[in-house]
Amino acid sequence: MNKLNICFLSKAAILLPCLAVSTLFIGFSSCKSATEELVAPNTALNSTAVSTELDTRAGLTIDSTFTVSEVLAAETEQSRLGMQFQFSDLEPVGFYLPAGQSVTLKVTKLAGTRYPKLIIGTLSRAYSVADPYGSTVGSVQLVEGTNTITNPQDVGGLLYLKYAVATAPNSAATVKFVSGMKSVPFYKQGKTTNAQWLQMLTTFNTVPDVQLVSKRGIIVSSLANATTYKTENQDLILQHIDNVFEQESQIAGLDNSAPQHAPSTKRVLIVQHSNLNYYMYSFGGRIAIASGAMNSVLTVNGISKDGWGPWHEIGHAFQQTWKWDALGEVTTNIYSLKVQRSYGIASRLKTDNIWPNATTFFAQPDATRDFNASTTNVWVRLCLFQQLYLAFGDKFYQDQHKAYRIEKPVLTTEAAKMRWFMLSACKASGKNLGNFFKKWGFKVDASVYAEINALNLPLPTVDPTTLKD
């Protein structure tokens, strides 16, 4: 199994352990259809609900049949973008399968040769002593015809369709949920009204989970928390989720100027977790938020004005893999600060009075001033990256992100990553930043500073180390 770094936002400390992510494969029975109809693949992002059935308990119309098109896997996109973590390629359907119960689906292939998978459960939603981050979910390969699938886990879970392939997606299928599943409160941006949402929360109250879905986000919350914040404007909340995604994409230079700079087509999966040992964390296709902090994504003010936590965790996915160890909890906030600016909010470095600490850092003797030292606070380190923004604007980070995607450097050591960052920063700014990095205590081989000088770039007109919000 692959090992992945987990990035945490903790009230008490910053932790960077590693975790093996596993998937539970569940058996199923099927009956294949004798005929297959081939049509052009659906060009929708992931799926389109093509028919509905009436839930007689509430008079609510529930989508139960989905036309799904194959998409590039989240891992493929992660590689293209040079990102630390992937986003989610799951398609939520608004159903829940209780523990030990079975669901029946009918699958019809429309194009290509492959079929989607059914995913049972949401990453991080449930956990155990053996699996403290809730990284085990059920995965079933669907086949043509009728599929009857039993959930053998001791907890129920939300259902998703996964139709992702590493290269050349070309298949499409229709999936009809026939029986055995339970409807959950399911808010779809631009389709569901608040009145319908309130009705769902009251009617579908025997399931523990709810979902809210936008173009770029999936929120999985407990029914209890969703009920607490039921009078909020759900459409506006989802618009803000999409804005956060868009702002962080912008600073990452994802402007469609070339194929490698195309924005992500995936969604960020935001999950309420229940492990009291953790607050917020990000890795492996989701960000997880403690129950007591879900107001940060279930209220308008929480995600727009006070949303540093979610902005930060989403930023962990956008972080490019040139970062070295000292930057794990630093460069993610390049994206947080971009979102903050989009809302017209003063920089957190200013409001939290961080800049005097940077001044204290610069006052240290050259020999002992060390950017990577454990005594250098992560917020002080962030000041370096904010100074580059103050000196050169968003374009600096956009160009640097693009350079990394174009060059695709193989960086296997801390020294190599620091070297790449320093040289690429000079190229992106068009300035010789050697003195800037020396003042920031970059203890690299003298050859790196020689390479910077060899670029023959002019010195900055204003010393960036003098800049602050």
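Let us look at the structure shown here. Counting restarts for each chain: residues are numbered from 1 in the order of the written sequence. In keeping with the model being predicted, local features are shown solely for residues with a pLDDT of at least 70 and side-chain atom pairs are shown and tallied solely at 80 or more, while totals for entire chains, interfaces and linings include all residues. With hydrogens and water stripped out, all remaining heavy atoms of the structure feed into the side-chain values.

### Side note on the overall build of the protein
So, step 1. Scanning the protein from N- to C-terminus turns up 15 helices and 23 strands.
So, step 2. Buried residues are those whose accessible area, probed at 1.4 Å on protein chains only, stays under 20% of the maximum for their type, while exposed residues exceed 50% and partly exposed ones sit between those limits. Taking all 469 residues of the protein together, 54% fall into the buried category.
So, step 3. Contacts between residues were defined by any pair of non-hydrogen atoms, one from each residue, lying within 4.5 Å. Within the protein, contacts between residues separated by at least 24 positions form 74% of all contacts whose residues are at least 6 apart in sequence.
So, step 4. Per element, the accessible surface of the protein, about 19400 Å² overall, is 53% carbon and sulfur. Per the convention used, a helix needs a DSSP run of H or I reaching at least four residues, while a strand needs a run of E reaching at least two, with both numbered from the N terminus. Computed with a 1.4 Å probe, the accessible areas rest on the Shrake-Rupley method; for each residue, only the protein chains presented here act as cover.

### Re the pairing of strand β19 (residues 209-213)
So, step 1. Counted residue by residue, β19 has five buried out of five residues, so it is predominantly covered.
So, step 2. Residues of β19 alternate between two faces, with Asp-209, Gln-211 and Val-213 on one and Val-210 and Leu-212 on the opposite face, all of them buried.
So, step 3. Pairing between two strands requires that DSSP report at least two bridges joining them. With three bridges joining them, strand β18 (residues 186-188) and β19 adopt parallel strand pairing. For Tyr-187, the partnering residue across the bridge sits in β19 and is Leu-212.
So, step 4. Classification remark: right-handed applies to a crossover when, strands pointing away from the viewer, the course from the first strand over the helix to the second runs clockwise. On the question of chirality, the crossover connecting β18 to the parallel β19 by way of helix α2 (residues 194-203) is right-handed.
So, step 5. Looking at chain direction, β19 and strand β20 (residues 217-222) are connected through five bridges and run antiparallel.

### Regarding the nonpolar core
So, step 1. Nonpolar cores were defined as sets of buried Ala, Val, Leu, Ile, Met, Phe, Trp, Tyr and Cys residues, with membership established by side-chain atoms within 4.5 Å. One finds Leu-118, Phe-177, Phe-385 and Phe-442 to be the most contacted residues of the largest nonpolar core, which totals 109 residues.
So, step 2. Excluding residues within four positions of it along the chain, Phe-385 makes contact with Trp-322, Leu-327, Val-330, Thr-331, Ile-334, Phe-371, Tyr-397 and Phe-421.
So, step 3. In this structure, Val-137, Ile-218, Val-220 and Val-271 belong to the second largest nonpolar core, which totals 15 residues.

### Examining the side chain of Asp-394
So, step 1. Among the structural elements, Asp-394 can be located in helix α12 (residues 394-407).
So, step 2. We define a polar contact as two N or O atoms separated by no more than 3.5 Å, with the added condition that, inside protein, one atom must be a possible hydrogen donor and the other a possible acceptor, whereas residues neighbouring each other in sequence contribute only through side-chain atom pairs. Only 2.8 Å separates the side chain of Asp-394 from the side chain of Lys-338, close enough to count as a polar contact.
So, step 3. One polar contact links Asp-394 to Arg-341, side chain to side chain, over a distance of 2.9 Å.
So, step 4. When residues no more than four places from it in sequence are discounted, the contact partners of Asp-394 are Ile-251, Lys-338, Arg-341 and Tyr-389.

### Re the side chain of Ser-336
So, step 1. Turning to its location among the elements, Ser-336 is positioned in helix α8 (residues 332-342).
So, step 2. A relative accessible area of 0% means that Ser-336 is categorised as buried.
So, step 3. If we ignore the near neighbours within four places in the chain, the residues touching Ser-336 are Glu-248, Trp-308, Trp-311 and His-312.

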